[in-house]
Amino acid sequence: MRENHNTQASTKAVILVGGPSRGTRFRPLSLDVPKPLFEVAGHPIIHHCLKAVAKVPDVREVILVGYYDESVFRDFIKDASKEFPQLRILYLREYTALGTAGGLYHFRDAILKGKPERLLVLNADVCCSFPLGEMMRLFEEKDAEAVILGTRVSNDTATNFGCIVSDSHTKRVLHYVEKPESHISNLINCGVYLFATECIFPAIRSAIKRRTTRPRLLSYPSSDNLESSFVATGDDEDAEKSEVLRLEQDILSDLADSNRFFVHETKDFWRQIKSAGSAVPANALYLQKAFQAESPELTAPSATIVPPVYIHPTASIDPTAKLGPNVSIGPRVVVGAGARVKDSIVLEDSEIRHDACVMHSIIGWSSRVGAWARVEGTPIPVGSHSTSIVKQGIKVQSITILGKECGVGDEVRVQNCVCLPYKELKRDVSNEVIM
Ligand code: GDD
């Protein structure tokens, strides 16, 4: 039992940003920008996480933990520190991929500095409304050791995630299995947690100790490969030395054995941002959220603006072009007369010439879409957690993506394609990866 029930007790937050060997499914966009900094709805993906954390009254420090180079988040942190002056934001770099719990443990002294009572942990690659206030309330109400954010997905996709079996009445987590082989529940782990600091670090320590007595896994089920140093050797000394630990496999199932692990089920939107194409539904969901909140950042609806639409102030949009819904237009983008853009992200310095049509697509930095050209993907069904579709027996991306500095010729049609940077498309293409 925690002794201090003071609701003002301090909370720190950690955002797990991963590193360059992860996020390979985010190619070709991650070739030019680290995934956490890719902009959806006008802001880097991690900005949306940070904005939610900044609303929790007693959070004063947010630590980004990952294994990108030190310089990667420097400008982001500088800007975010101005925007959220109440927060101290810092980046701590793992020397190698330590896994979702390994980094927490490695940096435990920095995290525990100032003796925070609670620790919020957010996966950087999720898009949701981050109901952190509700999670905090449940945490206090139940005197919890841990609260996890959960959401319901369809039965056939549930096994792609961590699955939670809970008592619907008490909200207690009874059982947790990471990406189970067969169906156990359609309530899944959203990748957002609140832990009592006095419980999580001892739990990680116990997991490390258990390594010496239990047979170890050869690899962890993860939707990306964990390209790390963790290899089963059966050598106990190595096991103790290895700092690679996964919150999901090594810690959460054991927390479920305690009686103080609870789930807050969100009914609001939630998506993973894994493939490059998944940035399009994330963009739409964040724009819709901003629209509901009457955000002044969005462009006012009109005959040619179907909300929600975000246009960077430096972009130049012809008044006869029609944009929206669910469109983000980046800095210095030029959109010509009669162009149509829908359900898409248009990245900075790109140009969409007159009468071109862009739908369900991402137009990479400094790319050009010619006059009367059509760049289009296939709409993703509402509620779907996948951005791939099967066309002519082949699995292809439903979202068309042009990498950096691509060119689409006048009147050319590009459909369900992923186009690597610096390519010129001079003929019609569909269902292809253009390398
Ligand atoms: N710092 C750091 N170090 N971060 C990491 C590392 C690491 O070694 N490995 C992964 N991450 C970060 C990723 O950048 C991502 O934000 C998050 O941790 C989870 O990544 P994965 O390990 O690839 O897990 P996943 O996305 O397949 O599944 C997790 O998230 C799902 C929700 O999106 C699990 O928690 C699932 O249970 C959950 O349903």
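As the structure is a computational prediction, the values presented were derived from the model and not from experiment.

Peer 1: Break down helix α5 (residues 132–142) for me, citing the residues and quoting the values.
Peer 2: The complete set of buried residues in α5 reads L132, M135, M136, L138, F139 and E140. Those residues of α5 hidden inside the fold are in contact with β1 (11–18), α1 (45–54), β6 (118–123), β8 (146–152), β11 (187–196) and β12 (261–265). Remark: D143 follows α5 within two positions and exhibits a positive phi of approximately 50 degrees.

Peer 1: Explain the domain arrangement of the protein chain to me, using residue names and the numbers behind them.
Peer 2: The assigned domain composition of the protein chain is domain 1 (11–272) and domain 2 (300–434). A separation of 33 Å is found between the C-alpha centroids of domain 1 and domain 2. Counting from both sides, the interface comprises 14 residues of domain 1 and, opposite them, 17 residues of domain 2. For the pairing of domain 1 and domain 2, the buried interface totals around 1,200 Å² over both sides, and the portion due to carbon and sulfur atoms is 74%. When the buried surface of domain 1 facing domain 2 is broken down by residue, P28, L29 and D32 rank first, second and third, together holding 40% of it. Among the ionic pairs, D32 bridges to K404, the shortest N-O distance being 4.0 Å. Between domain 1 and domain 2 we count one residue pair in polar contact (both at pLDDT 80 or more) in total. Those elements that place two or more of their residues in the side of domain 1 that touches domain 2 are β2 (39–40) and β13 (270–272).

Peer 1: I'd like a description of the sheet that holds strand β15 (residues 316–317), backed by residues and values.
Peer 2: Spatially, six strands are ordered β15-β18-β21-β24-β29-β32 in an open sheet, and the strand pairing comes out parallel. Looking at strand neighbours, the two that pair on one side only are β15 and β32 (424–425), the edges of this open sheet. Relative to β32, strand β29 (residues 407–408) is paired through two bridges, and the arrangement is parallel. What sits directly across from V408, in β32, is L425.

Peer 1: An account of the UniProt feature "domain: Mannose-1-phosphate guanyltransferase C-terminal" (unreviewed entry) in the protein chain is needed here, citing residue identities and associated values.
Peer 2: UniProt records the feature "domain: Mannose-1-phosphate guanyltransferase C-terminal" (unreviewed entry) for residues 305–433 in the present numbering. The distance separating the terminal C-alpha atoms of residues 305–433 is 32 Å; by composition the span is 0% helix and 42% strand.

Peer 1: With reference to specific residues and values, describe the sheet that holds strand β30 (residues 413–415).
Peer 2: Spatially, six strands are ordered β16-β19-β22-β25-β30-β33 in an open sheet, and the strand pairing comes out parallel. The sheet is open, and its two edges are formed by β16 (322–323) and β33 (429–430), each paired on a single side.

Peer 1: Go over the packing of aromatic side chains with me, naming the residues and quoting the values.
Peer 2: Summed over all chains, the structure comprises seven aromatic pairs. For the pair F26 and F38, a centre-to-centre distance of 5.3 Å together with 75 degrees between the ring planes defines the contact as edge-to-face. In this pair, F26 is assigned in the loop between β1 and β2 and F38 in the loop between β1 and β2, connecting sequence segments twelve residues apart. Across the pair, F38 and F26 agree in class, each one buried. Measuring from centroid to centroid gives 6.0 Å for F269 and Y286, while their planes differ by 90 degrees, and the two rings are edge-to-face. Placement of the pair is F269 in the loop between β12 and β13 and Y286 in helix α9 (residues 279–292), with a sequence separation of 17 residues. For the pair F269 and Y286, one class covers both residues: buried. Here the basic side chain of R108 rests over the ring of Y105, its NZ or CZ set 4.0 Å away from the ring centre.

Peer 1: Outline the environment of E348, supporting the account with residue identities and numerical values.
Peer 2: If you trace the backbone, E348 turns up in the loop between β20 (344–346) and β21 (351–352). Spatially, the C-alpha atom of E348 lies 5.9 Å from that of R332, the residues being 16 residues apart in sequence. Apart from residues no more than four positions distant in its own chain, E348 is found in contact with G330, P331, R332, V333, W365 and S366. Side-chain polar atoms of E348 contact the side chain of R332, separated by 3.2 Å.

Peer 1: Please set out helix α6 (residues 197–210) residue by residue, giving values where relevant.
Peer 2: Between its terminal C-alpha atoms α6 stretches 20 Å, which fits the 20 Å expected from 14 residues at 1.5 Å a residue. Of all the positions in α6, only T197, C199, I200, F201, A203, I204, A207 and I208 are classed as buried.

Peer 1: Would you mind going over the pattern of salt bridges in detail, with residue names and values included?
Peer 2: Between side chains of opposite charge, a pair can form when the charged atoms approach closely. Counted by the stated rule, this structure contains 21 salt bridges. Put simply, D349 and R332 hold a salt bridge, and the shortest N to O gap is 2.7 Å. You can see D349 sitting in the loop between β20 and β21 and its partner R332 sitting in the loop between β17 (327–329) and β18 (334–335), a full 17 residues away along the chain. According to the relative accessible area criterion, R332 is partly exposed, its value standing at 42%. We note a salt bridge from R413 to E376, for which the minimum N-O separation is 2.7 Å. Of this pair, R413 sits in strand β30 while E376 sits in strand β25 (residues 374–376), and the two are 37 residues apart along the sequence.

About the criteria used
- Here the residue numbers are simple positions, counted from 1 along each chain's written sequence.
- In keeping with the model being predicted, local features are shown solely for residues with a pLDDT of at least 70 and side-chain atom pairs are shown and tallied solely at 80 or more, while totals for entire chains, interfaces and linings include all residues.
- With hydrogens and water set aside, each side-chain value is computed from the structure's full complement of heavy atoms.
- Remark: exposure states derive from per-residue accessible area (1.4 Å probe, protein chains only) relative to the maximum for the residue type, with buried under 20%, exposed over 50%, and partly exposed in between.
- Under the DSSP-based scheme used, a helix requires at least four consecutive residues in state H or I and a strand at least two consecutive residues in state E, with every element numbered from the N terminus.
- Residues count as neighbours in contact if any of their non-hydrogen atoms are within 4.5 Å of one another.
- Note that the domain bounds were set by an automatic or database domain assignment.
- Throughout, the accessible surface (probe 1.4 Å) given up by two parts as they are put together, summed over both, is called the buried area.
- We define a salt bridge as a contact between a side-chain nitrogen of Lys or Arg and a carboxyl oxygen of Asp or Glu at a distance within 4 Å.
- Polar contact is the term for a pair of N or O atoms within 3.5 Å; when the atoms are in protein, one must be able to donate a hydrogen and the other to accept it, and sequence-neighboring residues count only if both atoms are side-chain atoms.
- Pairing between strands requires that DSSP locate at least two bridges from one strand to the other.
- UniProt positions are given in the numbering used here, feature names are shortened, and annotations may be inferred rather than shown by experiment.
- Only rings of Phe, Tyr and Trp enter the pairing, Trp through its six-membered ring, and a pair is recorded when the two centres are within 6.5 Å. The plane angle decides the type: under 30 degrees is stacked, over 60 is edge-to-face, the rest tilted.
- Two conditions define a charge sitting above a ring: the NZ of Lys or the CZ of Arg must be within 6 Å of the ring centre, and it must be within 35 degrees of the ring normal.
- By this rule, a helix spans an expected 1.5 Å times one less than how many residues it contains.

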